[in-house]
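# Structural overview
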Amino acid sequence: MTEPSHSSSSSVSPHMPPQEEASHGSSMGRLENRFERLFFSTRWLVAPIYAGLVGGLVVVLVKFMQLMVHLVLHCLSLDFDDMSVAVLDMIDLALLANLVLIVMFAGYENYVSRLDLRDHVDYPRWMGQVTFGDIKVKLMASIVAMSAIHLLADFLRLNSMTNRTLAWSVGIHMAFVVSGVLVAVMDKIAEHKPTQGETSHSEKH
């Protein structure tokens with residue numbers, strides 16, 4: 001005589017009928033789905049931060065206009081070194097404004113939501129293609145460029161600079177250069193690192 005099979009009863013809870021167990025599972029699934037939707041919506045908490053960078057752009061614009069007005073009004077009385085320093089400061093502000101734009105738009109598209117403006121005639125080509133690694137590299141490149149501008153301005157004011165101040169300027173600039181190179185190298189290593197699927201595929205061959 002063969003013993004009756006208990007495989008069908010083992011999967012059902014002895015304290016809960018199958019209908020109630022299925023209802024419990026569906027309610028837990030709905031609760032999990034609602035929690036995940038709410039959790040995913042928290043990314044919008046970052047949106048005001050990127051919107052606040054617009055205020056930073058306004059401040060950069062005001063400072064740029066102030067420098068430009070000062071340069072235009074005193075262009076005849078300024079010597080070459082002072083004029084060069086003023087132009088370098090304007091270039092510095094332009095690089096800063098570009099950096100703010102990259103962080104603002106790329107950060108919003110990477111971490112909040114995509115911009116539905118791809119059909120716009122003035123839509124930049126780089127938008128939607130800048131990853132987090134690209135943001136890091138562009139950030140360090142902009143910092144190095146701004147540091148180089150400040151260092152060049154210090155050399156133009158060499159007569160009024162002490163050796164200690166000039167040495168600190170060169171040292172800080174070299175620290176930024178080394179940091180930028182290291183960030184770029186680490187990003188390249190992470191970019192060319194094989195994924196798990198690629199590793200398993202190469203092992204099969």
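Look up a bit, the structure's there.
Below, the structure is looked at part by part. (Residues numbered from 1 in each chain as written. Predicted model: local features only at pLDDT ≥ 70, side-chain atom pairs only at ≥ 80, totals over all residues. Heavy atoms only, no water.)

### Re helix H5 (residues 132-156)
Put simply, the test is: Numbering of helices and strands starts at the N terminus; helices are DSSP runs of H or I of at least 4 residues and strands are runs of E of at least 2. Under the convention used throughout, the expected extent of a helix is 1.5 Å for every residue step, that is, one less than its residue count. A 1.4 Å probe rolled over the protein chains alone gives each residue an accessible area, and that area as a share of the maximum for its type sets the label: buried under 20%, exposed over 50%, partly exposed in between. In this analysis, two residues are considered to be in contact whenever any of their non-hydrogen atoms come within 4.5 Å of each other.
Between its terminal C-alpha atoms H5 stretches 36 Å, which fits the 36 Å expected from 25 residues at 1.5 Å a residue. Restricting attention to buried positions, one finds in H5 the residues Gly-133, Ile-135, Met-140, Ser-142, Val-144, Met-146, Ser-147, Ile-149, Leu-151, Ala-153 and Asp-154. As for H5, its buried residues are in contact with helix H4 (80-111) and helix H6 (163-192).

### Concerning the pattern of salt bridges
Stated formally: The salt bridge definition used is simple: a Lys or Arg side-chain nitrogen within 4 Å of an Asp or Glu carboxyl oxygen.
According to the stated counting rule, one finds one salt bridge in the structure shown. A salt bridge links Arg-157 to Asp-154; the nearest nitrogen and oxygen atoms lie 3.3 Å apart. Residue class for Arg-157 comes out partly exposed when judged on its relative accessible area of 33%. You can call Asp-154 buried: its relative accessible area is 11%.

### Quick notes on the packing of helix H3 (residues 47-73) against H4
Keep this limit in mind: Axis definition: a line fitted to C-alpha atoms, limited for helices to the stretch in contact. Angles are taken between N-to-C directions and run from 0 to 180 degrees. Should an angle fall under 35 degrees it is taken as roughly parallel, and over 145 as roughly antiparallel, whereas 65 to 115 is taken as roughly perpendicular and any remaining angle as oblique. Less than a right angle of anticlockwise turn of the near helix away from the far helix marks a crossing as left-handed, whereas a clockwise turn marks it as right-handed. In this classification, Asp, Glu, Lys and Arg are treated as charged, Ala, Val, Leu, Ile, Met, Phe, Trp, Tyr, Cys and Pro as nonpolar, and every other residue, Gly included, as polar.
The contact between H3 and H4 brings their axes to 10 Å, and the two run at 165 degrees. As the angle between them shows, H3 and H4 are arranged roughly antiparallel. For the pair H3 and H4, the crossing hand works out as left-handed. Broken down by class, the residue content of the contact of H3 with H4 amounts to 23 nonpolar, one polar and two charged.

### Re the packing of aromatic side chains
Short version of the rule: Stacked, tilted and edge-to-face pairs are distinguished by plane angle, under 30 degrees for stacked and over 60 for edge-to-face with tilted covering the rest, among Phe, Tyr and Trp rings (Trp via its six-membered ring) whose centres lie within 6.5 Å.
Counted according to the given criterion, the structure contains two aromatic pairs. Taken together, a centroid distance of 6.3 Å and an interplanar angle of 70 degrees make the contact between Trp-44 and Tyr-108 edge-to-face. Of the two residues, Trp-44 is situated in the loop between helix H2 (18-41) and H3 and Tyr-108 in helix H4; the sequence distance between them amounts to 64 residues.

Note that every value here comes from positions in space, so none of it alone points to a role or purpose.
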